[in-house]
Amino acid sequence: MALVKYILEDNSEVCIEANIGQNLMQLAVDNGVEGIEGACGGSCMCATCHVQIESINGAQIEDRSEMEVEILEIEFDELAPNSRLGCQIVISEGIESITARIVSINNF
Amino acid sequence: MSVVIIGAGHAGVAAATALRKLDKDINITLISEEKNLPYHRPPLSKKTVYSEKPSCDLLLSEDYYIKNNIKLTRNSPIEDIDPENNCINLASKELIHYEQLIIATGVERCKLKMNGGELAKTLYSMEDAYSLSKSISTAKRITVIGGGFIGCEIASGSRKLGKEVTLLEAGPSILGRSVAPIFAQKVAKYHKSQGINILTNCKALSIDNKEVKTNLKIISTDLTIAGIGVTPNVRLATQANLDVDNGVVVNKYLQTNNENIFAIGDISNFPFNSETGRLRLESIQNANDQAKTVAKNVIAIRLNKQLLKYSPIPWFWSDQGDLKLQMVGIGNLNAKHHVLENQKKGTLTVLHFVNDQLVAVDTMNHGLNHICGRKLLSSNQRISIENINKFEGNLKSLVNHLH
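Keep in mind it's a predicted model, so treat the numbers as computed, not measured.

Peer 1: Quick one: what's the story with the overall build of chain A, residue by residue and with numbers?
Peer 2: Check the secondary structure of chain A and you find 2 helices and 5 strands. Over its C-alpha atoms chain A spans a radius of gyration of 13 Å, differing by no more than 12% from the 13 Å that the globule rule assigns to 108 residues. Out of the 108 residues belonging to chain A, those deemed buried represent 50%. Excluding contacts between residues fewer than 6 apart, the proportion of contacts in chain A whose partners are at least 24 apart in sequence is 62%.

In structure tokens:
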């Protein structure tokens, strides 16, 4: 169990308890968090679940894959080092809490 | 105030969630024939059927429907729609009233019409996927009939498990109706390199438990799977006197000929543009984007406001072995194709131009160019071959230049 804090675009905050194995996109969609869409169901191709990770406590998350970087890169001339696709961030054992800021980049 | 949605696939569920986000008080009823909670369909042919312990990805947790006061009625076959009295008759004899109705009944798979056609397995629902995963795990030789996206996904997924796979395509090329010919050739070349036996211009004639007879040869097989397309599920719409022609005919606002009834998702036949005319798309993008449009239009009707036009940038994807295929836009037979290839990286991008204007982009293992393609097509600017050449085929530079 980990605590995920989403910071919405209006700077309000939503805290949700996440189980191991859940990802930040599905968790947000399941809980109706504004700004995360996950149109492709987590296939790393629609860029509708963009977050910036502000802090992590406990274990670390996996690094960005090449494909994830490619998709994120197009949105920024200089990619923020903490920019991620929520669908690629899976809650693993040891993670105590994550704070993720929602930055919806583009709804196409 | 009540809105009823028939069908709890991607489109129906997305419409319910979009409506709820727009209006906290509206009554939303989502009627599903299926027993299961609504689930993601794309993984069925991309992942589920190759798994020893298949599981399915829910669209939303059960909690979501309860918390958001969306009445999800599962396992509820519908007798008919009564448009004169604005109500729906369930097979259970229950009656459900609506003010606005959204039909999202999707498609059903086509069955093979030939001797033994019923022996061929098909894949559409979660139940199909669970059953098919068992059949695939025990088969050694698998024959797939139909070289469209589903057929190619099943063939490549089965091949990855080490099965002997034969893929039959009645036309001259796999993916012949969907992507540029050069793109389809590269996909076919990849599948052949992985050991899939592709037979084109090959029509299955009859099937039994041991073999498939075709116009070319007889193929020994343990399992035959048909992926020969789908047909829109229009029974309810037809009974309700809605215009039906390759799906349910809707206007640019996704309204049927009955202004209180909308049709979205795979079933919706909508006007796209003057070049292409009408389209019926079977994709997640279309389901989600139509759902958002319909939700806004349902609210707009109530408030007597201007309705929103559905004008999509269509995109979809297919996972085949190690290939990630991503397509955006709608090409046509008159399109000229411009190829960007990096053989070393194994990437391919095919740009489709009609009247020297970019209309579609097919990419293989190139997520960046796919996203760029979506940006270019949604930029409302005319992109010509000259534009592409000026940036030496670097789509990202072109996108940045346009911004």
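Peer 1: How would you sum up the packing of aromatic side chains? Please name residues and give values.
Peer 2: Residue and element names in this part refer to chain B. Taken as a whole, this structure holds 5 aromatic pairs over all chains when the rule is applied. Taken together, a centroid distance of 6.2 Å and an interplanar angle of 35 degrees make the contact between Trp315 and Trp317 tilted. The two residues Trp315 and Trp317 agree in class, both being buried. Among the aromatic residues, those joined into a ring-pair cluster are Phe270, Phe272 and Tyr310.

Peer 1: Quick rundown of the interface of chain A and chain B? Include the residues and the values.
Peer 2: Each partner contributes to the interface: chain A provides 22 residues, whereas chain B provides 26 residues. Buried area between chain A and chain B, both sides added, is near 2,100 Å², and the carbon and sulfur share of it is 56%. One can count 1 salt bridge joining chain A with chain B. For B:Lys292, the salt bridge identified is with A:Glu37, shortest N-O distance 2.8 Å. Counting only elements with at least two residues in the side of chain A that touches chain B, the list comes to helix 1 (24-30) and helix 2 (66-73) of chain A. For the side of chain A that touches chain B, the element with the most residues is helix 2 of chain A, which contributes 4 residues.

Peer 1: Run through the sheet that holds strand 5 (residues 87-90) of chain B, naming residues and quoting values.
Peer 2: Residues and elements named next belong to chain B. If you walk across this open sheet you meet the 3 strands as 4-5-6, and the pairing is antiparallel. Across the chains shown, the open sheet's two edge strands, defined by having one partner strand only, are strand 4 (78-82) and strand 6 (95-97). Sheet twist, expressed as the mean angle between neighbouring strand axes with direction ignored, is 20 degrees. Relative to strand 5, strand 4 runs antiparallel, the two sharing 4 bridges. Each residue of the ladder has a partner; that of Asp82, found in strand 5, is Cys87.

Peer 1: Describe the side chain of B:Gln290, and please don't skip the residues or the numbers.
Peer 2: Residue and element names in this part refer to chain B. With respect to the helices, strands and loops of the structure, Gln290 is situated in helix 8 (residues 284-302). Gln290 gets classed as buried once you look at its relative accessible area, which sits at 0%. In this structure the side chain of Gln290 is engaged in a polar contact, spanning 2.7 Å, whose partner is the backbone nitrogen of Gly265. Ignoring anything within four residues of it in the chain, the contact list for Gln290 reads Leu254, Ala263, Ile264, Gly265, Ser268, Phe270 and Tyr310.

Peer 1: Kindly report on the confidence of the model for chain B, identifying the contributing residues and their values.
Peer 2: Looking at chain B as a whole, its pLDDT mean stands at 95, while 100% of the residues score no less than 70. Reported for the predicted complex are a pTM of 0.92 and an ipTM of 0.80.

Peer 1: Could you give an account of the sheet that holds strand 19 (residues 268-273) of chain B, with specific residues and numbers?
Peer 2: Residue and element names in this part refer to chain B. What the 3 strands build is an open sheet, ordered 17-19-20; its pairing is mixed. The sheet terminates laterally at strand 17 (248-249) and strand 20 (277-279), the two strands that pair on one side only. Here strand 17 pairs with strand 19 via 2 bridges, running parallel. If you follow Val248 over to strand 19, its bridge partner there is Ser268.

Peer 1: So, the nonpolar core: which residues are in play, and what are the values?
Peer 2: Nonpolar side chains in soluble globular proteins generally cluster together in the buried interior. If you look at the biggest cluster of nonpolar residues, it comprises 112 residues, and the most contacted ones within it are A:Tyr6, B:Leu19, B:Ile88 and B:Ile102. In terms of domain composition, this core takes at least three residues from each of domain 1 (2-108 + 230-303) and domain 3 (322-402) of chain B. Discounting residues that sit within four places of it in the chain, B:Ile88 has contacts with B:Val4, B:Ile6, B:Ile31, B:Ile78, B:Asp80, B:Ile81, B:Glu94, B:Leu95, B:Ile96, B:Tyr98 and B:Leu101.

Peer 1: Go over helix 9 (residues 367-377) of chain B, please, and point to the residues and values.
Peer 2: The element helix 9 of chain B is extensively covered by neighbouring structure, given that 11 of its 11 residues are classed as buried. Restricting attention to buried positions, one finds in helix 9 of chain B the residues B:Gly367, B:Leu368, B:Asn369, B:His370, B:Ile371, B:Cys372, B:Gly373, B:Arg374, B:Lys375, B:Leu376 and B:Leu377.

Peer 1: Could you give an account of the confidence of the model for chain A, naming the residues involved and the relevant values?
Peer 2: When pLDDT is averaged across chain A, the result is 87; 93% of the residues are at 70 or more. Element-level mean pLDDT values for chain A span from 83 in helix 2 of chain A up to 96 in strand 1 (residues 2-7) of chain A.

Peer 1: Go over the environment of B:Thr143, please, and point to the residues and values.
Peer 2: Residue and element names in this part refer to chain B. Mapped onto the fold, Thr143 is located in strand 9 (residues 141-145). Each C-alpha atom of the pair Thr143 and Lys163 lies 10.0 Å from the other, and the pair is 20 residues apart in sequence. Residues contacting Thr143, with those up to four places away along its chain left out, are Thr166, Leu168, Val212, Ile219, Thr221, Leu223, Thr224 and Ile225. At 2.9 Å, the side chain of Thr143 forms a polar contact with the side chain of Thr221.

Peer 1: I'd like a rundown of the domain arrangement of chain B, residues and numbers included.
Peer 2: All names here are of chain B. Splitting chain B by domain gives domain 1 (2-108 + 230-303), domain 2 (111-226) and domain 3 (322-402). Centre-to-centre, using C-alpha coordinates, domain 1 lies 30 Å away from domain 2. If you look at the interface, domain 1 gives 16 residues, while domain 2 gives 16 residues. Buried area between domain 1 and domain 2, summed over both chains or domains, comes out near 1,400 Å², and the portion from carbon and sulfur atoms is 64%. The largest per-residue losses of area from domain 1 upon contact with domain 2 belong to Ser45, Val49 and Tyr50, which jointly make up 41% of the total buried on that side. Counting every contact that joins domain 1 to domain 2 gives 1 salt bridge. At the junction of domain 1 and domain 2, the tally comes to 6 residue pairs in polar contact (both at pLDDT 80 or more). Split into classes, the residues belonging to the side of domain 1 that touches domain 2 amount to 7 nonpolar, 5 polar and 4 charged.

Peer 1: Account for the packing of helix 1 (residues 10-22) of chain B against helix 8 of chain B, with residues named and values stated.
Peer 2: All names here are of chain B. Interhelical geometry of helix 1 versus helix 8 gives an angle of 40 degrees and a closest axis separation of 8 Å. Classified by chirality, the crossing of helix 8 by helix 1 is right-handed. Facing His10, Ala11, Ala14, Ala15, Ala18, Leu19 and Leu22 of helix 1, the residues of helix 8 in contact are Ile284, Ala287, Asn288, Ala291, Lys292, Val294, Ala295, Lys296, Val298 and Ile299. Considering only residue class, the contact of helix 1 with helix 8 consists of 13 nonpolar, 2 polar and 2 charged.

Criteria and cut-off values
- Along each chain, residue indices are assigned from 1 in the same order as the chain's sequence is written.
- Chain A is the first chain written and ligand 1 is the first ligand written, with later ones labelled in order.
- Totals for whole chains, interfaces and linings use every residue, but because this is a predicted model, local features are given only for residues with pLDDT of at least 70 and side-chain atom pairs only at 80 or more, for both listing and counting.
- By convention in this description, side-chain values take in all heavy atoms of the structure and omit both hydrogens and water.
- Helix and strand definitions follow DSSP, with helices as H or I runs of at least four residues and strands as E runs of at least two, each counted in order from the N terminus.
- Throughout, the radius of gyration refers to the C-alpha atoms, and the reference size of a globule is 2.2 Å times the residue count to the power 0.38.
- Only protein chains enter the area calculation, which uses a 1.4 Å probe; residues under 20% of their type maximum are buried, those over 50% are exposed, and those in between are partly exposed.
- Residues count as neighbours in contact if any of their non-hydrogen atoms are within 4.5 Å of one another.
- Stacked, edge-to-face and tilted are the three classes for Phe, Tyr and Trp ring pairs, Trp counted by its six-membered ring, which pair at centre distances within 6.5 Å; planes under 30 degrees apart are stacked, over 60 edge-to-face, the rest tilted.
- Buried area is calculated as the accessible area (1.4 Å probe) missing from two parts once they are joined, with the contributions of both summed.
- Put simply, a salt bridge is a Lys or Arg side-chain nitrogen that is within 4 Å of an Asp or Glu carboxyl oxygen.
- A pair of strands is considered paired only if DSSP assigns at least 2 bridges between the two.
- For helices, the axis comes from a line fit to the C-alpha atoms of the stretch in contact; other axes are also lines fit to C-alpha atoms, and the angle between any two N-to-C directions lies between 0 and 180 degrees.
- Under this definition, polar contacts are N or O atom pairs within 3.5 Å; protein pairs additionally need one hydrogen-donor-capable and one acceptor-capable atom, and for neighbouring residues in sequence, both atoms have to be side-chain atoms.
- Per-residue confidence from the predictor is reported as pLDDT, which spans 0 to 100.
- Side-chain atoms within 4.5 Å are what join buried Ala, Val, Leu, Ile, Met, Phe, Trp, Tyr and Cys residues into a set we call a nonpolar core.
- These domain boundaries are the output of an automatic or database domain assignment.
- Basically, the charged four are Asp, Glu, Lys and Arg, the nonpolar ten are Ala, Val, Leu, Ile, Met, Phe, Trp, Tyr, Cys and Pro, and anything else, Gly included, counts as polar.
- Should the near helix be turned anticlockwise from the far one by less than a right angle, the crossing is left-handed, and should it be turned clockwise, the crossing is right-handed.

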